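What follows is each chain in one-letter form.
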Amino acid sequence: MEDCLFCGIVGGSVPSTAVLETERSYAFRDIKPAAPVHVLVVPKEHLGSVEDVGAGQTEVLADLFAAIRAVAAKEGISESGYRVVTNVGEDAGQLVHHLHFHVLGGRSLRWPPKGSDAGG
Ligand code: AMP
Ligand code: ZN
């Protein structure tokens, strides 16, 4: 999608630090990490948020969650634990309107989310 930052990252016109790639997903490091591991996992196709996810997105969702697990394994946090966060809309503080999952780990995370633990 034109003017979408994460479409630019997926397409390569905006630089990013890749963690891994699958058929339908791309994972890269958050530019402002809130934890020792802070990776964003996005679908290669443009979806605005969870609000755009329905029955037609089962395959892309399965791929995204496989990518999330692969990121955790690659970053060595599968055993220690991690948090998967997706912000939807204004009250959640969604800044980039391309569906993305924050994968946070490498330290003990507080719950409920406060400050940087929210992942945004
Ligand atoms: P949010 O939309 O609130 O879930 O958060 C968007 C996230 O994207 C924030 O954690 C930002 O630090 C991150 N971000 C913004 N621009 C970039 C970029 N060019 N490369 C990597 N991460 C980014
Ligand atoms: Zn996009």
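As a starting point, this report considers the structure included with it. (Residues numbered from 1 in each chain as written. Chains lettered and ligands numbered in written order. Predicted model: local features only at pLDDT ≥ 70, side-chain atom pairs only at ≥ 80, totals over all residues. Heavy atoms only, no water.)

**Comments concerning unusual backbone geometry**
Then comes step 1: The omega torsion of the bond from Trp-111 to Pro-112 falls at 0°, within 30 degrees of zero and hence cis.
Then comes step 2: Tracing the backbone shows Pro-112 in the segment after strand 5 (101-105).
Then comes step 3: Phi angles above zero are rare outside glycine, and Asp-3 is one such case at about 65°.
Then comes step 4: On the secondary structure map, Asp-3 appears in the segment before helix 1 (5-11).
Then comes step 5: Judged by relative accessible area, which is 79%, Asp-3 ranks as exposed. (Helix = DSSP H or I, 4+ residues; strand = E, 2+ residues; numbered from the N terminus. Buried < 20%, exposed > 50% of the residue type's maximum accessible area, 1.4 Å probe, protein only.)

**Some details on the sheet that holds strand 5**
Then comes step 1: Here five strands make up an open sheet; going across it, the order is 1-2-3-5-4 and the pairing antiparallel. In this open sheet, the two edge strands, each paired with only one partner strand, are strand 1 (18-21) and strand 4 (82-85). Between one strand axis and the next, the sheet turns through 20° on average, direction left out of account.
Then comes step 2: Looking at chain direction, strand 4 and strand 5 are connected through four bridges and run antiparallel. Considered in strand 5, the bridge of Val-84 is made with Val-103.
Then comes step 3: The strands touched by helix 2 (residues 58-75) within the sheet are strand 1, strand 2 (25-29), strand 3 (37-43), strand 4 and strand 5, with strand 3 carrying the most contacts at an inclination of about 160°. (Pairing = 2+ DSSP bridges. Axes fitted to C-alpha atoms, helices over the stretch in contact; angles between N-to-C directions. Contact = heavy atoms within 4.5 Å.)

**Brief notes about the coordination of the zinc ion (ligand 2)**
Working reference: metal with six octahedral donors, ideal angles 90 or 180 degrees; metal with four tetrahedral donors, ideal angle 109.5 degrees.
Then comes step 1: The zinc ion (ligand 2) binds to the protein through Cys-4 (SG), Cys-7 (SG), His-46 (ND1) and His-98 (ND1), with metal-donor distances spanning 2.0 to 2.3 Å.
Then comes step 2: Seen from the zinc ion (ligand 2), its four donor atoms lie at angles of 107 to 116°, and the figure they make is tetrahedral.
Then comes step 3: Summarised as a motif, the one-chain spacing of the donors to the zinc ion (ligand 2) is C-x2-C-x38-H-x51-H. Residue His-46 is located in the loop between strand 3 and helix 2, and its partner His-98 is located in the loop between strand 4 and strand 5; the two are separated by 52 residues in the primary sequence. (Donors = N, O, S within 2.8 Å, 3.2 Å for Na, K, Ca; no water. Tetrahedral: all angles 85-135°; square planar, octahedral: opposite > 155°, others 65-115°.)

Nothing here speaks to function; it is geometry throughout.
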